[in-house]
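Architecture at a glance
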Amino acid sequence: MQWLWDRQSVWSQAANRAKRSIGRARTVGLALGVMGACAGTAAPQLMSWSNGVGKALAFLATVAVGLAPLAAKAAGPQQVHDWTRLRSISEELKSEVYTYLTRVAPYRDAAASEVLLDRVGRATADASDLAPHTIGLVPRQRALPAVTDIGSYVDVRVVGQIEGYYRPRAAYMSRRTGRVRRMELALAATAVVLGAVSVVFGTGWASAWIATVTTMTATVTAHAAASRYAYQEVEFSRTAAELESLTTRHAQLADPATDDAFVSQCERVISAQNEGWMAKWLAE
């Protein structure tokens, strides 16, 4: 069983690395977009004050605008597709580990090892093209989950997933969503002030910056939409609530005959959450 846990570690690391690469590319794209818009607006306004500064800003704007599409390619549909597949395999292997250690169906009889090999083989059969993503990665030194029965499965897998992952991630996404909304509000207020300055004082520079601030707002909004902060917040909270509900009902029944169905339902909820956000990402 340790071999499978080590294998899952490699797939998980590959998925994490792919996600970080996409996140960096999107952040760089956001920064380049904002930089290009600001430098492009400031360049002609400062040219009369300092020809050198104006030309430098014009050069910076041109470079930023030119590099932005390159950054976007590093977070394109293919990269997102590969990341979601890597994560899918990692989570499927993790699910098999926990189900096997709990010794519920389909791992109750003497043929459990053969069943496990067959299911793992099917899970990774179509992932040979993703093998390059795992090059250079070695399994992290981790003991097998301390799961031996249904009680330890609830404590380690279900409660651990709720308290150690879903709730914290929902809170994190909530903070990110709030940060984006505050940034959008600040930019909108800035555009209003610039509009008032332009109308009241008739200053051309303020009018030019209104378009730039509007572009910046659209760029921030697009970045937030691509990162799907609000969607992930809802999904993490919903999944935690479903797992809590399943655990409460199972505890009230206190019937070993329902153990197989309980574990299957919990793994299905976790799998559905993974499949849901993966489908959402791939729909972009």
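Residues numbered from 1 in each chain as written. Predicted model: local features only at pLDDT ≥ 70, side-chain atom pairs only at ≥ 80, totals over all residues. Heavy atoms only, no water.

1. Brief notes about the packing of helix α3 (residues 77–102) against helix α4 (residues 112–124)
- Look at α3 against α4: their axes get within 10 Å of each other, and the N-to-C directions meet at 170 degrees. Overall, the two elements α3 and α4 adopt an arrangement that is roughly antiparallel. Contacts from I89, E92, L93, E96 and Y100 of α3 reach α4 at A112, S113, L116, R119, V120, A123 and T124. (Axes fitted to C-alpha atoms, helices over the stretch in contact; angles between N-to-C directions. Helix = DSSP H or I, 4+ residues; strand = E, 2+ residues; numbered from the N terminus. Parallel < 35°, antiparallel > 145°, perpendicular 65-115°, else oblique. Contact = heavy atoms within 4.5 Å.)

2. Considerations on α3
- Between its terminal C-alpha atoms α3 stretches 37 Å, which fits the 38 Å expected from 26 residues at 1.5 Å a residue.
- When you tally the buried positions in α3, you get 19 out of 26 residues, the bulk of the element.
- Downstream of α3 by a residue or two, R103 has a phi angle that is positive, lying close to 60 degrees. (Expected span 1.5 Å × (residues − 1). Buried < 20%, exposed > 50% of the residue type's maximum accessible area, 1.4 Å probe, protein only.)

3. Here we look at α4
- In this model α4 runs 18 Å from its N-terminal to its C-terminal C-alpha over 13 residues, within 8% of the 18 Å that 1.5 Å per residue would give.
- Among all positions of α4, only A112, L116, V120, A123 and T124 are buried. Taken down its axis, α4 places every buried residue within 85 degrees of arc, on the same side. What points out from α4, more than 90 degrees from its buried face, is the exposed set E114, L117 and R122.
- In this fold, the buried residues of α4 make contact with α1 (2–47) and α3. (Arc of directions from axis to C-beta.)

4. A look at the packing of aromatic side chains
- A full pass over the atoms with the stated rule returns 6 aromatic pairs.
- Centre to centre, the rings of Y100 and Y107 are 5.2 Å apart; their planes meet at 65 degrees, and the pair counts as edge-to-face. The same class applies to Y100 as to Y107, namely buried.
- Taking the centre distance of 5.3 Å and the plane angle of 65 degrees together, the rings of Y165 and Y166 count as edge-to-face. (Phe/Tyr/Trp six-rings, centres within 6.5 Å; stacked < 30°, edge-to-face > 60°.)

5. What about the pattern of salt bridges?
- In this structure the tally under the stated criterion is 9 salt bridges.
- The closest approach of N and O atoms between E91 and R87, which form a salt bridge, is 3.6 Å. With E91 and R87 both in helix α3 and 4 residues apart, this pair spans about one turn of that helix.
- Assessed through its relative accessible area of 13%, E91 is described here as buried. (Salt bridge = Lys/Arg side-chain N within 4 Å of Asp/Glu carboxyl O.)

6. A look at the nonpolar core
- Judged by nonpolar contacts, the single largest core of 61 residues is most densely connected at W11, L86, Y153, V158, L243, F262 and C266.
- Elements with a contribution of two residues or more to this core: α1, α2 (51–73), α3, α4, α5 (150–201), α6 (204–227), α7 (229–253) and α8 (259–282).
- Setting aside anything within four residues of it in sequence, one finds F262 in contact with I150, Y153, V154, V158, L246, T247 and H250. (Core = buried A, V, L, I, M, F, W, Y, C linked by side-chain atoms within 4.5 Å.)

7. Some details on the packing of α1 against α4
- Put simply, α1 and α4 touch, their axes get as near as 12 Å, and they point 15 degrees apart. Classed by the angle they form, the pair α1 and α4 counts as roughly parallel. Crossing handedness for the pair α1 and α4: left-handed. Between α1, through W3, L4 and R7, and α4, the contact on the second element is made entirely by L116, L117, V120 and T124.
- Of the residues in the contact of α1 with α4, the class split is 5 nonpolar, 1 polar and 1 charged. (Left-handed = near helix turned anticlockwise from the far one by under 90°. Nonpolar A, V, L, I, M, F, W, Y, C, P; charged D, E, K, R; others polar.)

8. A short note on unusual backbone geometry
- Cis geometry is found at the peptide bond from A105 to P106, where omega equals 10 degrees.
- Among the secondary structure elements, P106 is positioned in the loop between α3 and α4.
- A positive phi angle is found at R103, which is not glycine, with a value near 60 degrees.
- Within the secondary structure layout, R103 lies in the loop between α3 and α4.
- One non-glycine residue, A254, adopts positive backbone phi at about 50 degrees.
- Inspection of the secondary structure puts A254 in the loop between α7 and α8.

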